[in-house]
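Here's the letter readout for the chains.
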Amino acid sequence: MATVPTPELPIHGELPSARLELVPDTDSPEHHPELGYTLVPSLSEKGFLSPTSITRLPLAYCRGVSKAASALTRLHIGGNSDGMWPEPEEVIVPIDGRKQLVLITEPTQQPDNQSDPIVNNILLNGLTEIAQYGSASKWHKEMALRHPDRRTITLPTPGLNYKGHGLSIADGYRRRLEQTASENLRILQRISGDGQANIVGISLGSFVAVHMAEQNLAANESAQVNLTRLKLVSPAVGARNVDEEESFRDVSDKDFVAEMEDRFVRHMAADIMRMALKHPEESAECLAILGAYALGVHKLPHRLAVIAGNFNGVKAGIEWSTIKQVASEYETSILGGELDPLVKEQIPQWQSVKKNAPRTMLWLVKGMGHAMTVNAHGTAKHLAQMEHARAA
């Protein structure tokens, strides 16, 4: 281990102000020029719960559980990679008196112009994810394989990582997400080199990503990271203190926050079941995270405090002026599930952002909800499609 020294509603038309596309994920897109969008079903809908797919569920679950057990064995008692995925290097970075784990996969291919600095894909995890296990681990490895000419870096959520220092119950609960963003930027200054940085934030990570962008803009030029793009996946970026002329509700309204919390909890219960049926092997493989929590049962109260504190931080939202400023300065892509209640409430928000930040892109994946990143392969593919669409 290396150490870095301290120095549910369908979309029926194009949004009036934002680019909205239902993500191309099949060979037979349905073009609706009269409505201004292309409607494409997710691949996971093909044959969903057909007699053939139902008979394959037990075998798929067995394969997934076997992979989860192998991952826990490798990381808990040591061992080699399964050969299919490159295992990232575990780097311990001292930060503010504690040790923070960072996962890094160096590029295996040279960039097209070998004189250019290496581009960094920076991954920020969701609310309950432990970086070395489950969907977070699959996400890192999938991005590394899809972009072999880039450095892939996962910055785990402080207090949830399997190695490195944890946080006390009090510190974990009181810790502000702005502090996490600040520490992440200082870590990146040490490990990302001079290359461009693309921050990819999933759920909670999307919230931290926006704060990182905000703080990077405010920093002195010598202290800035070469940040170029934000990619917000299943975003949880609710605006607060929205201008009166805007037509959408914001998280300054406590009744709205309570309503959204209830809708989100109910959605996740159904969405996890949906993903278990649509993507049984991937869902079973993500059971590794439950094993990680069980193996570290003595850390459970500390981790639950971190999760509760971060959840409260997300509910507090981000200043509307900050969201607009960040999207105006950095190329921002939003990828969400069509059924995700958080994304549905954010659509008018991103519509308004698009007015002053025309590079903002919003894509929805038909038939998917907040837990769509369980299918790491499909989600990484969608992001690559968005990047390709930009280049075109």
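Residues numbered from 1 in each chain as written. Predicted model: local features only at pLDDT ≥ 70, side-chain atom pairs only at ≥ 80, totals over all residues. Heavy atoms only, no water.

Before going further, it helps to spend a moment on the nonpolar core. In terms of nonpolar packing, the biggest core is built from 73 residues, with Trp-139 and Leu-230 touching the most fellow members. Those residues within four positions of Leu-230 in sequence are excluded, and the remaining contacts are Ile-199, Ala-209, Ala-213, Val-326, Tyr-330, Glu-331, Thr-332 and Ser-333. Core analysis: the next-biggest nonpolar cluster, separate from the first, contains 10 residues, Ala-288, Ala-292, Tyr-293 and Ile-307 among them. (Core = buried A, V, L, I, M, F, W, Y, C linked by side-chain atoms within 4.5 Å. Buried < 20%, exposed > 50% of the residue type's maximum accessible area, 1.4 Å probe, protein only. Contact = heavy atoms within 4.5 Å.)

Moving on, we get to the packing of aromatic side chains. According to the stated counting rule, one finds one aromatic pair in the structure shown. For the ring pair Phe-248 and Trp-320, a centre distance of 5.3 Å and an interplane angle of 75° mean the geometry is edge-to-face. Separated by 72 residues along the polypeptide, Phe-248 in the loop between strand E11 (239–240) and helix H6 (254–278) and Trp-320 in helix H10 (residues 320–329) bring together distant segments of the chain. Among the residues examined, Trp-320 registers a relative accessible area of 0% and is labelled buried. When the ring centre of Tyr-293 is taken as origin, the NZ or CZ atom of Arg-303, which lies over that ring, is 5.5 Å away. (Phe/Tyr/Trp six-rings, centres within 6.5 Å; stacked < 30°, edge-to-face > 60°. Helix = DSSP H or I, 4+ residues; strand = E, 2+ residues; numbered from the N terminus. Lys NZ or Arg CZ within 6 Å of the ring centre and 35° of its normal.)

At Ile-347, helix H11 (residues 341–356) shows its maximal kink, close to 40°; a proline, Pro-348, follows between one and four residues later. Burial analysis of H11 places 12 of its 16 residues in the buried class, which makes it a mostly covered element. Buried within H11 we find Pro-341, Leu-342, Val-343, Lys-344, Gln-346, Ile-347, Gln-349, Trp-350, Gln-351, Ser-352, Val-353 and Lys-354. One side-chain oxygen of the residue at the start of H11 lies 2.9 Å from the amide nitrogen of Leu-342, identifying that residue as Asp-340. (Bend = angle between axes of the 7 residues up to and from the residue. Polar contact = N/O pair within 3.5 Å; in protein donor to acceptor, adjacent residues only side chain to side chain.)

A separate point is the environment of Ala-380. Relative to the elements of secondary structure, Ala-380 occurs in helix H12 (residues 376–391). Between the C-alpha atom of Ala-380 and that of His-147, which follows or precedes it by 233 residues, the distance is 9.9 Å. Other than its neighbours up to four places away in sequence, Ala-380 contacts Trp-139, Glu-142, Met-143 and Arg-146.

Moving on, we come to the packing of H6 against H11. At a minimum axis distance of 9 Å, the contact between H6 and H11 shows a crossing angle of 140°. With respect to H11, the element H6 is oriented oblique. Between H6 and H11, the residues in contact are Phe-256, Met-260, Arg-263, Phe-264 and His-267 and Pro-341, Leu-342 and Glu-345, respectively. (Axes fitted to C-alpha atoms, helices over the stretch in contact; angles between N-to-C directions. Parallel < 35°, antiparallel > 145°, perpendicular 65-115°, else oblique.)

At a minimum axis separation of 10 Å, helix H5 (residues 204–218) and H10 run at an interaxial angle of 75°. Between H5 and H10, the angle is such that the two are roughly perpendicular. Only Thr-322, Gln-325, Val-326 and Glu-329 of H10 make contact with H5, whose side of the interface consists of Val-210, Ala-213, Glu-214 and Leu-217. Here the contact of H5 with H10 is built from residues that sort into four nonpolar, two polar and two charged. (Nonpolar A, V, L, I, M, F, W, Y, C, P; charged D, E, K, R; others polar.)

Any two side chains of opposite charge can pair, given that their charged atoms come close. All told, the structure shown has 21 salt bridges when counted by the stated rule. Salt-bridge contacts for Arg-150 lead to Glu-387; the nearest nitrogen and oxygen are separated by 2.4 Å. Here Arg-150 is found in the loop between helix H2 (134–146) and strand E8 (151–155), whereas its partner Glu-387 is found in helix H12, with 237 residues between them in sequence. Each of the two residues, Arg-150 as well as Glu-387, counts as buried. Salt bridges sharing partners connect three or more residues here, namely Arg-150, Arg-229, Lys-231, Glu-331, Glu-387 and Arg-390. (Salt bridge = Lys/Arg side-chain N within 4 Å of Asp/Glu carboxyl O.)

We now examine the environment of Ser-137. Take Ser-137: it is sitting in helix H2. Classification of Ser-137 as buried rests on a relative accessible area of 12%. Considered as a pair, Ser-137 and Ala-288 are 151 residues apart in the sequence and their alpha carbons are 9.9 Å apart.

For the rest of this paragraph, the subject is the environment of Leu-287. By secondary structure assignment, the location of Leu-287 is in the loop between helix H7 (280–285) and helix H8 (288–295). On a C-alpha basis, the gap between Leu-287 and Ser-135 in space is 9.1 Å, while along the polypeptide they are 152 residues apart.

The complete set of buried residues in H10 reads Trp-320, Thr-322, Ile-323, Val-326 and Ala-327. Viewed along the axis of H10, the buried residues span an arc of 160°, placing them on a single side of the element. Looking at the buried side of H10, the elements it contacts are H5, strand E10 (227–233), E11, strand E12 (318–319), strand E13 (331–337) and H11. (Arc of directions from axis to C-beta.)

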